[in-house]
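Listed here are the chains, written in short residue letters.
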Amino acid sequence: MSDTGQRNRPQETLAKESPDEATGKSGSTRRGGGDPATRGRTTIADGVVEKIAGLAARDVVGVHAMGGGLARTFGAVRDRVPGGSGAKSVSRGVKAEVGEVQTALDLEIVVEYGVSIADVTRAVRENVISAVERMTGLEVVEVNIAVSDVKLPDEEDDEPQGRLQ
């Protein structure tokens, strides 16, 4: 194999036969050292973290929808188009920046009228951090939340995205 083919890969070591000093039997000695879980690298796409965060945020009571008005409008139209997926985008209203060991999230939400915005955003932040850290192993360094609208009781409900009551 050429030198460039092995540049980023550890060198392969063949198992060597050596006599076991206590029994005199020969056995296979494995080289490569360390825990197999530490051999290699796992990368997590931004979209994966966005979906996890979107689902976790929608699960909080008081969150009516995710995303700004324009994003929700286009999403509602896209969901109604024949031949489309028909499923709402779970990552709508979520933007993630994922590094090797950390992630930062920006969320845009619409809250129900009458709820404490401070309590809802605190619950969203806690739920999102818990879900993302538990599922990905990434450290969530910040969750920024923008409340873009309030759903009034008398407004027509174009796209219910919040938790079912």
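Here, every reference points to the structure presented above.
Fair warning: this is a prediction, and the values are worked out from it, not measured in the lab. (Residues numbered from 1 in each chain as written. Predicted model: local features only at pLDDT ≥ 70, side-chain atom pairs only at ≥ 80, totals over all residues. Heavy atoms only, no water.)

Q: Mind showing me how you'd approach the overall build of the protein chain here?
A: Of the regular secondary structure elements, the protein chain holds three helices and six strands. For the protein chain, the sequential pattern of α-helices and β-strands runs β-β-α-β-α-β-β-α-β. Put simply, of all contacts in the protein chain between residues at least 6 apart along the chain, 71% involve residues at least 24 apart. Here the protein chain displays about 11,500 Å² of accessible surface, and carbon together with sulfur accounts for 49% of that area. (Helix = DSSP H or I, 4+ residues; strand = E, 2+ residues; numbered from the N terminus. Contact = heavy atoms within 4.5 Å. Areas by Shrake-Rupley, 256 points an atom, 1.4 Å probe, with all protein chains shown as cover.)

Q: So what exactly am I meant to see when it comes to the environment of Ser116 here?
A: Among the structural elements, Ser116 can be located in the loop between β5 (102-112) and α3 (117-136). Residue classification places Ser116 among the partly exposed positions, given a relative accessible area of 33%. With 54 residues separating them along the chain, Ser116 and Gly62 place their C-alpha atoms 8.4 Å apart. (Buried < 20%, exposed > 50% of the residue type's maximum accessible area, 1.4 Å probe, protein only.)

Q: Any chance you could explain the nonpolar core here in plain terms?
A: For soluble globular proteins, nonpolar side chains are generally found buried alongside one another. Met66, Leu105, Leu107, Val124, Val128, Val132 and Val143 are the most contacted members of the largest nonpolar core, which totals 23 residues. The set of elements that each furnish at least two residues to this core consists of α1 (46-58), β3 (63-66), β4 (94-98), β5, α3 and β6 (139-151). The residues contacting Val132, other than those within four sequence positions of it, are Val49, Ile52, Ala53, Thr103, Leu105, Gly137 and Val140. (Core = buried A, V, L, I, M, F, W, Y, C linked by side-chain atoms within 4.5 Å.)

By themselves, these are just geometric observations and shouldn't be taken as functional.
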